[in-house]
Amino acid sequence: MLSGEITIRVRYAETDRMGLLHHANYLIYFEQGRTELLRSSGYSYKDLEDQGYLLVLTKIEVRYRSPARYDDLLTLRTSTLRTTAARIDHGYELSREGVLVAEGSSTLACVDREGKVQVLPEFLRDAE
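Figured I'd write up the structure that's included with this text. Since we're looking at a predicted model, the values are computed, not measured. (Residues numbered from 1 in each chain as written. Predicted model: local features only at pLDDT ≥ 70, side-chain atom pairs only at ≥ 80, totals over all residues. Heavy atoms only, no water.)

### Thoughts on the packing of aromatic side chains
Per the stated rule, a full pass over the model turns up 4 aromatic pairs. Seen from their ring centres, Tyr43 and Phe123 are 3.5 Å apart, and the 15 degrees between their planes marks the pair as stacked. On the criterion of sequence distance, the pair formed by Tyr43 in the loop between helix H1 (25–40) and helix H2 (45–50) and Phe123 in helix H3 (residues 122–125) is long-range, its members being 80 residues apart. By relative accessible area, Tyr43 is classed as partly exposed at 29%. Its relative accessible area of 22% is what places Phe123 among the partly exposed residues. (Phe/Tyr/Trp six-rings, centres within 6.5 Å; stacked < 30°, edge-to-face > 60°. Helix = DSSP H or I, 4+ residues; strand = E, 2+ residues; numbered from the N terminus. Buried < 20%, exposed > 50% of the residue type's maximum accessible area, 1.4 Å probe, protein only.)

Put into structure tokens, the structure is as follows:
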């Protein structure tokens, strides 16, 4: 299982009127985690797209456990849970000083520029 961690500081613009990290921003953080996990393998989304491979989100779930606030320093652990010929499942754990803030999962499908499902590049199938 491929996994990696990044650190994210909650910016003021990412909070709601109550001073909490807005729920939509968790999805953005998860995308950051996937992007950096791919980068740690020596590739970028731009590399994939330039080769005609597009990874589209087909499913995402978030379970909110404890609120995050402005200026909190969060650790996001992103893991590749499973790969198939055309799909990647990721898991996420977002924490603040060891306290679980949120956890989630997502599924990406590999498609071509016309939206037709295609086989993942070999290096992604072997990343598990």
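Continuing now.
### Quick notes on the sheet that holds strand E2 (residues 54–64)
As summarised here, the arrangement of the 5 strands in space is E1-E3-E4-E5-E2, forming an open sheet in which the pairing is antiparallel. With one partner strand each, in any of the chains shown, strand E1 (3–9) and E2 form the two edges of the open sheet. Sheet twist, expressed as the mean angle between neighbouring strand axes with direction ignored, is 20 degrees. Relative to strand E4 (residues 87–96), strand E3 (residues 73–83) runs antiparallel, the two being bridged by 8 bridges. (Pairing = 2+ DSSP bridges. Axes fitted to C-alpha atoms, helices over the stretch in contact; angles between N-to-C directions.)

### Observations concerning empty space enclosed by the protein
Tallying each qualifying case throughout the model produces 1 cavity of 30 Å³ or more. Around the largest cavity sit 14 residues that line it, and Leu38, Thr80, Ile88, His90 and Leu124 are the ones nearest its centre. Contributions of two or more residues to the lining of the largest cavity are made by H1, E3 and E4. Ranked by the residues each element gives to the lining of the largest cavity, the list is headed by H1, at 3 residues. (1 Å grid on protein atoms, 1.4 Å probe; cavity = no way out; pocket = protein on both sides within 12 Å on 5 of 7 lines; lining within 4 Å. Points joined across faces, edges and corners; volume = space filled by probe spheres on them.)

### Focus: H1
With 16 residues, H1 extends 23 Å between its outermost C-alpha atoms, agreeing within 8% with the 22 Å of an ideal straight helix rising 1.5 Å per residue. Of the residues making up H1, those classed as buried are Asn25, Tyr26, Tyr29, Phe30, Gly33, Arg34, Thr35, Leu37 and Leu38. Gly42 lies just past H1 and shows a positive phi near 95 degrees. (Expected span 1.5 Å × (residues − 1).)

### Quick notes on the pattern of salt bridges
Note on pairing: side chains with opposite charge can pair once their charged atoms come close. With the rule as written, the count across this model stands at 11 salt bridges. Across the pair Glu103 and Arg65 runs a salt bridge whose closest N-O atoms are separated by 2.5 Å. A residue pair is termed long-range when its members are at least 10 positions apart, and Glu103 in strand E5 (residues 99–111) and Arg65 in the loop between E2 and E3 qualify at 38 residues. Owing to a relative accessible area of 18%, Glu103 belongs among the buried residues under this scheme. Between Asp89 and Arg87 there is a salt bridge, and its shortest N-O distance comes to 3.3 Å. Of the residues examined, Arg87 reaches a relative accessible area of 30% and is grouped as partly exposed. (Salt bridge = Lys/Arg side-chain N within 4 Å of Asp/Glu carboxyl O.)

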